[in-house]
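Each chain, letter by letter, is given below.
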Amino acid sequence: QDKELPPNSTKYTIGEINVTGTTSYNEQTVIAFTNLKTGEQIFIPGTKISKVLNKLWDLGLFSDINIYVTKITGDVVDLEIEIQELPELAETKIRGLKRKKKKEELIKENKLTAGKRVTENLITTTQNRIANSYKEEGYLNAKVKINTVKVEDTLPNSNKVLMVVDVDKGEKVKIDDIQFNGNEALSDAKLSKQLKKTKEKKFWRFWKRSKFIAEEYKSDKASLIKKYKEKGYRDARITNDTIIKKDDNSIVLELDVEEGNRYYFGNISFLGNSVYSDEQLKQIVNVQKGDVYNGTLLEKQVADPTKPDAVDLTNLYQNNGYLFSTINPVETRVYNDTIDFEIRISENKIAYFDHVTVTGNDKTNDNVIYRELRVKPGQKYSKSNVVRTIRELGQLGFFDPEVLEPQFKNVDPNSGTLDMVFPVVEKGSSQIELQGGYGGGGFVGTLGLSFNNFSIRNIFNKEAYKPLPMGDGQQLSVRAQASSFYETYSLSFSEPWLGGKKPVRLSASLSHTVQYFYNAQQRDTDRNRRFLITGGSLGLAKRLRVPDDFFTLSGAISFQHFNLQNYNTGLFTFGDGYSNNLALTVGLSRDNTATNPVFPTSGSQFSVTAKLSPPYSLWNGTDYEALNQQQEDGTLTAAEVDQEKFKWLEYYKIKFNGTWYNRLVGKFVLKTSAEYGFLGAYNSDRGVPPFERFFLGGDGLGGFSLDGRETIALRGYPNQSLVPIDRSSLSQATQNDGATIYNKYSLELRHPITLKPAASIYMLAFAEGGASYDGFRDFNPFQLNRSAGIGLRIFMPAFGLLGIDFGYGFDPIPGTTGSNGWETHFIIGQQF
Amino acid sequence: CSEYQKALKNDDIAKKYELGISYYEQAQDGAKRPKAKYRKAIKLFEQILPQYRGKPQGEKLAFVYANSYYELEDYFLSGYQFERFTKAYPDSDRVEEAAFKSARSYYEGSPRYSLDQADTDKALDKLQLYFVTYPEGQFIEEANVMATELGQKLEKKAYEIAKQYHHTENYKPAIEAFDNYLVDYPGSSYREKAIYYKFESAYLLAINSYDYLVEERLLVAKSYLDNYFKYYQDGELSVKANELKADIEERLQEYS
């Protein structure tokens, strides 16, 4: 509603409204926009008119707006709205740059697209922005000039301009020399080392630029002073720094340094601490009287913002409920070269969590998330629990770990309570595998589906299919593979919190494989000759509390039934018969890697597993020594003896695996790992079965295995090529048989390219070595097949991990001479 | 080429308007395959909405556009479009209906209790606004039913989260969470259970404590139990409560 503006406001009725001036808009459109209507009552002067003016100005389309009263008859007023439209940008031309791409980039960055309104402001800011962007790259003499030219057009009322941007980059300015004056304690070389991004021009340092960038020079100077502070020169400062222009494209930097005195720590006392004693605090501060003064170190011991889980005073308080504590080191006395410190602590009230909530979960059910939270209502505030919660939520794989940021709400120092919100962002966590191809003498098709956040209780609930029943954190995968000579089907399911009370993981799997006899000469399969494997497993895993809660204990029972019908494999000496593999697997593992499961940056993983079959030979009364004897005598054939031996497979297998992740400089992460495996027999006469063996070398992809074999990756060598080195001289085993012992050591340096949820990509360089053996007689942990190389990994939630590695094998493959040379490995899934 | 395809490619906005409205009206009057008709209407409306903005037909167009999404049960878009309508045409005759349908769209978009309830909160806000603006409105009854249901959903969510602390044997957090629950949702349908399980958490905490803490904690549990009986002498869970009461008294005898 219009209001009158005093002093002399009059009420009128609007008569005609006209729009004049230069405008490409329809008159009606403009009037409709102003909301002024003929017949409406307004005040002049009044709020309505000024609102209309503001509304039009806000559009940013006009250079001038006026509203005139053209005629007054009685209380009827005719209005004229005069608007001058800003010129519209027809095209931007950039001169002085060669690369077309760079020109397009400039247009895009400065949003100089056709149709934009050209204001003085746009011209000036564009000019400055382009010039500054060149200055940032070291072109200190860059000049930018912008002209606008009116475009003649046949259309009436056309108001378009052409923008011409002249860019003169000039020569790149390099730093010819950096001179330091006044430094005694630290040499010129040491000081120039501190200037990390501001470097002198040197012919041998071709990888680092010697450009002058004001912004970086400023932060480099600060780090120079920091270096002095670390060495005890508390008062060090740069008194003067000059940039001297040597010629058009080189400058000299001159820095005058005043070092001041070197200081030492005096007495360090604590004030205000009641929860921790002076001794306890001193242990953490770890500075002795007489130590060289180091301001940076002291600050770090009080609070180190770069490491959320550092051992410092702040974290000591923060991890034990003292959210509101503040700690300030204060210099209390300076005498000669000694500084006394007082660390003033105000502990304040202990803070307790009140409400703890999760938001943003539009797929995953509350209970799946809340059970993982280490922050609970009524608990004392602990920073380390918050940090750990974030890490573990990221590891679930349902949420984007890069955007998990806890939020403190309703923090109330008076009542000592705070609310905590964990906003999560769901990410796709299902994978589909569908492939078809020609391989192994026929068409091979695979269909695999794996759902990582499944809800099995809703599997028959039609409502839940949007598109799939999700949100209970269960995993379900189904896979089928078929070709002309084999078919394999598998189904697996796992529930991480069986019963929802404790993290007890239940996993179950079923699989069935049929392999038909393939006649290589006739290129045909014989479906009457076949080899069937049917198996399943059922396991439980429980997170332990002792020794610490990174430990997991697991147990599983697995069973496999092999059935041969007129089918000879390398495994059995008989073509008709059966074999059963029943085993109990017990494992203990510890995993505290953080934060992103695709790219861990710290922590370690350890696991020890033992897979044991029942010791049948203890009670079944078969005399295997006699059997062996009869085979030698010829009273029994090898096939008959083997059938007796392999009716129920008997063995034990022990494996160890340890992996460490360490962050080095920058974003580099070093992964170190060692693994061992051993397969043994309870009864030496019965012997180690040809099953469950280790095959070393290559990409480690499991592929199609009939016999419970373990393929161990070792890059730089062909797949499964590294049989025990002197096998032929020691045993009758062929090159196709697996080994019973292996060891492997690996170092891998990783660097991320991107860790976005859509795709995580990282590069790696590795050096590794491993070997396999037929027994402890020839076990030699130093006789390794070594290799080194580089690779790339891409993780996309829909496809899992994909990668390629190029590895050079330094040692010969057993049976050949000379180093193995380069191998290329394609990686699908997480193998290394 | 069908009439629809022709209109879709034609530049004549009046034609598109007419045909779109006729599809919409046919669907409203119960023509066959109404969903296809609404979809066609939406396609046409999308093309002409900007041109009609500010014109007399614009108001009707904006309403039927939003309502088409509503009829298609695409509540995410209808909620937004109705909201826009109420802002753009506050003087319209159909603004009450639009306000209600906007709220109802958010209501339909509200997920099951165990997921994030941002849309539930939004729906409740919209309903509240409706109650305030149209206290005598024609949809007030339906709106009341919806608001009650959404409120109960939020209650269930908070209750289940607190109950999970009890289930996972995190008894201290459970007590705190039930306490918060009773303050945040007074008079909820889970009130008895919340009071009972708060007591049971305290009881289980007490009997699983170190010996020197048991008595003190049992007394706390007993006070929670007394509180339960104060309100629910013959409650759903009173049989179980009576059993535990006897147990507590027996245990406390050992300490006296």
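Just so it is clear, the model here is predicted, and its values are computed rather than measured. (Residues numbered from 1 in each chain as written. Chains lettered and ligands numbered in written order. Predicted model: local features only at pLDDT ≥ 70, side-chain atom pairs only at ≥ 80, totals over all residues. Heavy atoms only, no water.)

## Focus: the overall build of chain A
Move 1: Assigned secondary structure in chain A consists of 14 helices and 35 strands.
Move 2: Counting all 832 residues of chain A, 42% fall into the buried class.
Move 3: Sequence separation of at least 24 residues holds for 59% of the intrachain contacts in chain A that already meet a minimum separation of 6.
Move 4: Accessible surface, chain A as shown: approximately 43000 Å² in total, 53% of it carbon and sulfur. (Helix = DSSP H or I, 4+ residues; strand = E, 2+ residues; numbered from the N terminus. Buried < 20%, exposed > 50% of the residue type's maximum accessible area, 1.4 Å probe, protein only. Contact = heavy atoms within 4.5 Å. Areas by Shrake-Rupley, 256 points an atom, 1.4 Å probe, with all protein chains shown as cover.)

## Section: the sheet that holds strand β11 (residues 264–271) of chain A
All names here are of chain A.
Move 1: One open sheet accounts for three strands, arranged β11-β13-β12; its pairing is mixed. Pairing within the sheet leaves two strands with one partner each, and these edge strands are β11 and β12 (326–335). On average, each strand axis in the sheet is tilted by 25° relative to the strand beside it, whichever way the strands run.
Move 2: Sheet topology note: the β12/strand β13 (residues 338–346) ladder contains nine bridges and is antiparallel. By the bridge assignment, I327 is partnered in β13 with I345.
Move 3: Across the sheet, helix α7 (residues 278–285) is in contact with β11 and β13; its angle to β11 comes to roughly 140°. (Pairing = 2+ DSSP bridges. Axes fitted to C-alpha atoms, helices over the stretch in contact; angles between N-to-C directions.)

## Concerning the packing of aromatic side chains
All names here are of chain A.
Move 1: Throughout the structure, instances matching the rule amount to 54 aromatic pairs over all chains.
Move 2: Note that R234 overlies the ring of Y263, its terminal NZ or CZ placed 4.8 Å from the centroid.
Move 3: A cation over an aromatic ring shows up here: R709 above the ring of F695, its NZ or CZ 3.9 Å from the ring centre. (Phe/Tyr/Trp six-rings, centres within 6.5 Å; stacked < 30°, edge-to-face > 60°. Lys NZ or Arg CZ within 6 Å of the ring centre and 35° of its normal.)

## Quick notes on the interface of chain A and chain B
Move 1: With 25 residues of chain A in contact, the opposing surface of chain B contributes 20 residues.
Move 2: Interface of chain A and chain B: buried area, both sides summed, is about 1800 Å²; carbon and sulfur atoms make up 46% of it.
Move 3: Joining chain A to chain B, the criterion identifies three salt bridges.
Move 4: In this structure, K502 of chain A and E169 of chain B form a salt bridge, with 3.3 Å as the shortest nitrogen-oxygen distance.
Move 5: Between chain A and chain B we count 15 residue pairs in polar contact (both at pLDDT 80 or more) in total.
Move 6: Contributions of two or more residues to the side of chain A that touches chain B are made by β14 (352–359) and α10 (366–370) of chain A.
Move 7: Among the elements that make up the side of chain A that touches chain B, the one with the highest residue count is β14 of chain A (four residues).
Move 8: Its residues assigned to classes, the side of chain A that touches chain B comprises six nonpolar, 11 polar and eight charged. (Buried area = accessible area lost by both parts, 1.4 Å probe. Salt bridge = Lys/Arg side-chain N within 4 Å of Asp/Glu carboxyl O. Polar contact = N/O pair within 3.5 Å; in protein donor to acceptor, adjacent residues only side chain to side chain. Nonpolar A, V, L, I, M, F, W, Y, C, P; charged D, E, K, R; others polar.)

## Some words on empty space enclosed by the protein
All names here are of chain A.
Move 1: In total, this model carries four cavities of 30 Å³ or more according to the counting rule given.
Move 2: Its volume calculated, the largest cavity comes out at about 80 Å³.
Move 3: Lining the largest cavity are D400, P401, E402, K427, N596, V598, L755, K756, P757, S760 and F795.
Move 4: Counted as a void, the second largest cavity has a volume near 40 Å³.
Move 5: Lining the second largest cavity, in full, are L722, V723, P724, I725, A771, S772, Y773, Q783, N785 and P814. (1 Å grid on protein atoms, 1.4 Å probe; cavity = no way out; pocket = protein on both sides within 12 Å on 5 of 7 lines; lining within 4 Å. Points joined across faces, edges and corners; volume = space filled by probe spheres on them.)

## Some thoughts on a nonpolar patch on the surface
All names here are of chain A.
Move 1: Nonpolar side chains collect at one region of the surface, where L553, I557, L584, V586 and L588 lie side by side and expose about 390 Å² of accessible area between them.
Move 2: Residue assignment for the nonpolar patch shows that the elements contributing at least two residues are β23 (551–565) and β24 (577–591).
Move 3: Ranked by residue count, the leading element in the nonpolar patch is β24, at three residues.
Move 4: Residue classification places L588 among the partly exposed residues on the basis of a relative accessible area of 36%. (Patch = residues over 30% accessible without salt bridge, like charges linked within 9 Å, V, L, I, M, F, W, Y side chains within 5 Å.)

## Section: the side chain of R117 of chain A
Residue and element names in this part refer to chain A.
Move 1: Here R117 shows up in the loop between α3 (100–109) and α4 (120–136).
Move 2: Of the polar contacts made by the side chain of R117, one reaches the side chain of E85; its length is 2.9 Å.
Move 3: Of the polar contacts made by the side chain of R117, one reaches the backbone oxygen of L86; its length is 3.1 Å.
Move 4: Residues in contact with R117, not counting those within four places in the same chain, are Y25, G60, L61, E85, L86, P87, E88 and L122.

## Observations regarding the pattern of salt bridges
Move 1: Tallied over the full model, the rule gives 43 salt bridges over all chains.
Move 2: In this structure, R344 of chain A and E342 of chain A form a salt bridge, with 2.8 Å as the shortest nitrogen-oxygen distance.
Move 3: We classify E342 of chain A as buried; its relative accessible area is 17%.
Move 4: D179 of chain B is the salt-bridge partner of K198 of chain B, the closest N and O atoms lying 2.9 Å from each other. Note that K198 of chain B is positioned in helix α10 (residues 191–207) and D179 of chain B in helix α9 (residues 171–184), a separation of 19 residues in sequence.
Move 5: Given a relative accessible area of 28%, D179 of chain B falls into the partly exposed group.
Move 6: One network of salt bridges, in which partners are shared, links R715, E748, R750, E768, R793 and D805 of chain A.

## Looking at the nonpolar core
Move 1: With 55 residues, the main nonpolar core has F353, L393 and F422 of chain A together with Y196, F199, Y203 and Y228 of chain B as its most contacted residues.
Move 2: The contacts of Y203 of chain B, once residues within four sequence positions are left out, are L218, A221, L244, D247, I248 and R251 of chain B.
Move 3: Of all hydrophobic cores here, the second largest spans 22 residues; its members include L44, I48, L49 and L72 of chain B. (Core = buried A, V, L, I, M, F, W, Y, C linked by side-chain atoms within 4.5 Å.)

## What to know about helix α12 (residues 624–633) of chain A
Move 1: Measuring from the side-chain oxygen of the N-cap residue of α12 of chain A to the backbone nitrogen of E625 of chain A gives 3.1 Å; that N-cap residue is D623 of chain A.
Move 2: Two residues or fewer after α12 of chain A comes G634 of chain A, characterised by a positive phi angle close to 95°.

## Things to note about the pairing of strand β22 (residues 524–543) of chain A
Look at any regular strand and the pattern is simple: side chains alternate between the two faces of the sheet.
All names here are of chain A.
Move 1: Here 16 bridges tie strand β21 (residues 504–519) to β22, and the two strands are oriented antiparallel to one another. Residue pairing in the sheet places R505 in a bridge with A541 of β22.
Move 2: Taken together, the 14 bridges between β22 and β23 define a ladder with antiparallel strand orientation. Bridge pairing links F531 to L564 in β23.

## A few points about the sheet that holds strand β10 (residues 250–258) of chain A
Residue and element names in this part refer to chain A.
Move 1: The mixed open sheet is built from three strands, whose spatial order is β8-β10-β9. Edge positions in the sheet fall to β8 (174–181) and β9 (237–247), since each of these pairs with one other strand and no more. The sheet shows a mean angle of 15° between the axes of neighbouring strands, taken without regard to direction.
Move 2: Looking at chain direction, β8 and β10 are connected through seven bridges and run parallel. Residue pairing for β10: N181 is matched across the bridge by D256.
Move 3: Each of β8, β9 and β10 touches helix α6 (residues 214–230); the most contacted strand, β9, lies at about 140° to it.

## Here we look at the packing of helix α2 (residues 13–28) of chain B against helix α4 (residues 56–71) of chain B
All names here are of chain B.
Move 1: Viewed as axis vectors pointing N to C, α2 and α4 meet at an angle of 45°, and their least axial separation amounts to 11 Å. Taken together, the axes of α2 and α4 lie oblique to each other. As α2 packs across α4, the resulting crossing turns out to be left-handed. When α2 is examined against α4, the residues Y17, I21, Y24, E25 and Q28 are found in contact with a partner set consisting of Q57, K60, L61, V64, N67, S68 and E71.
Move 2: Of the residues belonging to the contact of α2 with α4, the class tally is five nonpolar, four polar and three charged. (Parallel < 35°, antiparallel > 145°, perpendicular 65-115°, else oblique. Left-handed = near helix turned anticlockwise from the far one by under 90°.)

## A short note on the packing of helix α6 (residues 95–109) of chain B against helix α8 (residues 140–167) of chain B
Helix-helix packing: each pair is described by the crossing angle between the helix axes and the interaxial distance.
All names here are of chain B.
Move 1: Here α6 crosses α8 at 30°, and the two axes come no closer than 11 Å. As the angle between them shows, α6 and α8 are arranged roughly parallel. In the packing of α6 onto α8, the handedness of the crossing is left-handed. Residues F100, A103, R104 and Y107 of α6 pack against E142, A143, M146, E149 and L150 of α8.
Move 2: Partitioning the contact of α6 with α8 into residue classes produces six nonpolar, no polar and three charged.

## Observations concerning a negative patch on the surface
Move 1: A cluster of acidic residues, D362 of chain A together with D119, D121 and D125 of chain B, forms a negative patch at the surface.
Move 2: Position of D119 of chain B among the secondary structure elements: in helix α7 (residues 118–133). (Lys, Arg positive; Asp, Glu negative; His and termini not counted. Charge placed at Lys NZ, Arg CZ, Asp CG, Glu CD.)

## Quick notes on helix α2 (residues 47–58) of chain A
Residue and element names in this part refer to chain A.
Move 1: The end-to-end C-alpha separation of α2 is 16 Å, in line with the 16 Å expected for 12 residues at 1.5 Å each.
Move 2: For α2, the complete set of buried residues consists of I49, V52 and L56. The buried residues of α2 all sit within an arc of 60° when viewed along its axis, so they share a single face. Facing away from the buried surface of α2 by more than 90 degrees, the exposed residues are K51 and D58.
Move 3: Looking one or two residues beyond α2, the residue adopting positive phi is G60, at roughly 70°. (Expected span 1.5 Å × (residues − 1). Arc of directions from axis to C-beta.)

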